[in-house]
Amino acid sequence: MASPRAAMARVRRLAASAGGSVASQAVTALGSLVLQLVAVRFIGPVALGAFALLSAILVTATTVYTSWVGDSLNVLDRFDPALRSSLVASALFFATAGSAAGVALALVLRLTGPAGVALFAVLITLWLAQETFRRVLHARLEFGALLANDLTYVITTLVFLGGLRLVTGGFDLDGILLAMCVGCLAALTVTLRRLPRQEYALVRPRLAGMRELSAFAAWRSAQSSLRPLALLVTRVAIDTFASRTVLAVVEAARLLMTPALTLISGAGGYLLPTFVRQRDAGIPMRPRNALVGSLVLAGVSCACGVAAIATLGFFGPLITGGAFALDAVSVGGWAVYAVSFSATLPLASMATAYKQSRLVFLVRGAETAVGLAAVLILLVLRPDLAVFAPYCIGLGGMVSGLLLWWRLRIIRDRVRARHTDPERGTHAI
């Protein structure tokens, strides 16, 4: 049995790693929060609605790309020649498709002018390139370097935006997009300088390892895109059936739940590579631990929701600048959403480490379909109740979490049986 000193040292190492991941998410969330506050104060609530939709498109494209390319860098052998060439081919394809889809949606929804659309296409490309190497840092568990990457992006973006205001006397939505492009380029440069050459050595794109890659990545990409896709569809529906100003109110309410959502995302960034390391080292992955993680995150999210509602009178006007009012109902919807997110994330991360992406997709897909159906029915019948949309997409997370926990227990028992009975298989997965 390990000594108390060794146990405490292990706890400190785990806390440092998890803290680095959460700190990275906190920096990114803070940068996003400041940019949205800038949008509210300097270019108005309508522009905030447009910026929210552009951000939702960017997040959705990033999630699809990251869950195919980035998570494969974490879970699979990224140095295998066949897999690496397929990853390069996938990165090129998804970056091109993501930029094209982003441009098409920006044009259809009339979110900005021609210059802004061109900047948005460049931003998607740079963002996905930066995200690739962020995921490499995840795989290497180098969360300090990850934090440096995100700090570089946020600081460069905000400094450039401040300089733009000083030089030109102001900026519009296109100026924010330009600042984000500059920030991505700076962060990408810093990260490439920190990584060893073998991590970004390019190979000729081929399809030789695509079957093995897609066996994992297809389901992973599908299930990971469910949450951002649900948010994108919800935002577009509010914009269509209510108004862009109402969308700005809903988005501003979400900003009050930023601490909880940041903590959840940071925990997810830490848990997946950690579970993969445990799997590869032969350390048993206990579903109970993932369940405890879900309950802890859900409790923290609930506490953050109560605190956000209690301090709404102070922080609401601070966020909106008096341009519009926030209420407890809209904030409570995002609190429900955060609790739902918490209930599934650790369990979904463990299932993904077991290469059970299909299972996660089926469970989360059913939850998402019911939530979006409720959103659309609500907005068609009562568009004046659009602030209740987050409640609709937030319901069902607890049920999904329990289903995943139940299935993980079955998977754990099968893994144990294969290890104890050589005739049933020699590998756990």
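Residues numbered from 1 in each chain as written. Predicted model: local features only at pLDDT ≥ 70, side-chain atom pairs only at ≥ 80, totals over all residues. Heavy atoms only, no water.

An unreviewed UniProt entry lists the protein under the name Membrane protein involved in the export of O-antigen and teichoic acid, with Nonomuraea recticatena given as the organism.

Along its length, the protein carries 16 helices and zero strands. Taking 429 residues into account, the globule formula puts the C-alpha radius of gyration at 22 Å, and the protein, at 22 Å, falls close to it. Taking the principal axes of the C-alpha coordinates as reference, the protein spans close to 70 × 45 × 45 Å. Within the protein, counting contacts between residues at least 6 apart in sequence, those at least 24 apart form 83% of the total. Of the roughly 19100 Å² that the protein leaves accessible, carbon and sulfur atoms contribute 68%. Treating the 38 positive side-chain charges of the protein as one cloud and the 19 negative ones as another, the clouds have centres 5 Å apart. (Helix = DSSP H or I, 4+ residues; strand = E, 2+ residues; numbered from the N terminus. Rg over C-alpha atoms; globule rule 2.2 N^0.38 Å. Contact = heavy atoms within 4.5 Å. Areas by Shrake-Rupley, 256 points an atom, 1.4 Å probe, with all protein chains shown as cover. Lys, Arg positive; Asp, Glu negative; His and termini not counted. Charge placed at Lys NZ, Arg CZ, Asp CG, Glu CD.)

Another aspect to go through is the environment of Leu207. Structurally, Leu207 is set in the loop between helix H6 (197-200) and helix H7 (210-224). What makes Leu207 exposed here is its relative accessible area of 62%. Here the alpha-carbon distance between Leu207 and Leu87, two residues 120 residues apart in the chain, equals 8.8 Å. Once residues lying within four places of it in the same chain are set aside, the contact partners of Leu207 are Ser86 and Ala89. (Buried < 20%, exposed > 50% of the residue type's maximum accessible area, 1.4 Å probe, protein only.)

Further remarks concern the pattern of salt bridges. What the rule picks out here adds up to nine salt bridges. Across the pair Glu251 and Arg254 runs a salt bridge, and its minimum N-O distance is 3.1 Å. Taken together, the residues span about one helical turn, with Glu251 and Arg254 both in helix H9 (residues 244-255) at a distance of three residues. Per residue, the accessibility class of Glu251 equals that of Arg254, and both read buried. In this structure, Arg364 and Glu367 form a salt bridge, with 3.2 Å as the shortest nitrogen-oxygen distance. Taken as a pair, Arg364 and Glu367 lie in helix H14 (residues 357-381) at a separation of three residues, close to a single helical turn. For the pair Arg364 and Glu367, a shared accessibility class is recorded, and that class is buried. One connected set of salt bridges, linked through shared partners, spans Glu131, Arg134 and Asp150. (Salt bridge = Lys/Arg side-chain N within 4 Å of Asp/Glu carboxyl O.)

Right, let's get into the nonpolar core. Core analysis: the largest hydrophobic core is formed by 117 residues, its most contacted members being Phe120, Leu123, Ile176 and Met180. Tallying contributions element by element places helix H1 (residues 4-75) first for this core, with 19 residues. Setting aside chain neighbours within four positions, we find Ile176 in contact with Leu35, Val38, Ala39, Ile43, Phe51, Leu161 and Phe171. (Core = buried A, V, L, I, M, F, W, Y, C linked by side-chain atoms within 4.5 Å.)

Here we take up the packing of aromatic side chains. In the structure shown here, the tally under the stated rule is eight aromatic pairs. In textbook terms, an aromatic cluster arises when at least three aromatic residues are bridged by ring pairs, as seen for Trp68, Phe93 and Phe94. Above the ring of Trp406, the side-chain terminus of Arg407 is found at 5.8 Å from the ring centroid. (Phe/Tyr/Trp six-rings, centres within 6.5 Å; stacked < 30°, edge-to-face > 60°. Lys NZ or Arg CZ within 6 Å of the ring centre and 35° of its normal.)

At 3.6 residues per turn, the α-helix brings residues three or four places apart onto the same side. With 22 residues, helix H5 (residues 173-194) extends 32 Å between its outermost C-alpha atoms, agreeing within 8% with the 32 Å of an ideal straight helix rising 1.5 Å per residue. The N-capping residue of H5, defined by a side-chain oxygen 3.2 Å from the backbone nitrogen of Asp174, is Asp172. (Expected span 1.5 Å × (residues − 1). Polar contact = N/O pair within 3.5 Å; in protein donor to acceptor, adjacent residues only side chain to side chain.)

As a further point, take the packing of helix H8 (residues 226-241) against H14. Their axes nearest at 10 Å, the elements H8 and H14 cross at an angle of 5°. With respect to each other, H8 and H14 are oriented roughly parallel. Counting all contacts with H8, which are made through Leu226, Arg227, Ala230, Val233, Thr234, Ala237, Ile238 and Phe241, the residues of H14 involved are Phe361, Arg364, Gly365, Thr368, Leu372, Val375, Leu376, Leu379 and Val380. Of the residues that constitute the contact of H8 with H14, the class distribution is twelve nonpolar, three polar and two charged. (Axes fitted to C-alpha atoms, helices over the stretch in contact; angles between N-to-C directions. Parallel < 35°, antiparallel > 145°, perpendicular 65-115°, else oblique. Nonpolar A, V, L, I, M, F, W, Y, C, P; charged D, E, K, R; others polar.)

What follows concerns the side chain of Arg78. Relative to the assigned elements, Arg78 resides in the loop between H1 and helix H2 (81-108). On the accessibility criterion, Arg78 (13% relative accessible area) is buried.

We now examine unusual backbone geometry. Phi at Arg110 is positive, roughly 55°, even though this residue is not glycine. Summarising the element assignment, Arg110 is placed in the loop between H2 and helix H3 (114-139). Accessibility expressed as a relative area gives 73% for Arg110, which makes it exposed.

Within the secondary structure layout, Leu166 lies in helix H4 (residues 143-168). Considering only alpha carbons, one finds Leu166 and Asp327, 161 residues apart in sequence, at a separation of 35 Å.

All right, on to the confidence of the model for the protein then. Taken over all residues, the pLDDT of the protein has a mean of 83, while the share at 70 or more is 91%. Segment residues 422-429 is flagged for pLDDT under 50; beyond a separation of four residues in sequence, or across chains, it makes twelve contacts in the model. (pLDDT = per-residue confidence, 0-100.)

Another point: the side chain of Ser85. Its place among the elements puts Ser85 in helix H2. The exposure class of Ser85 is buried, given its relative accessible area of 5%. When residues no more than four places from it in sequence are discounted, the contact partners of Ser85 are Val203, Arg204, Pro205 and Arg206.

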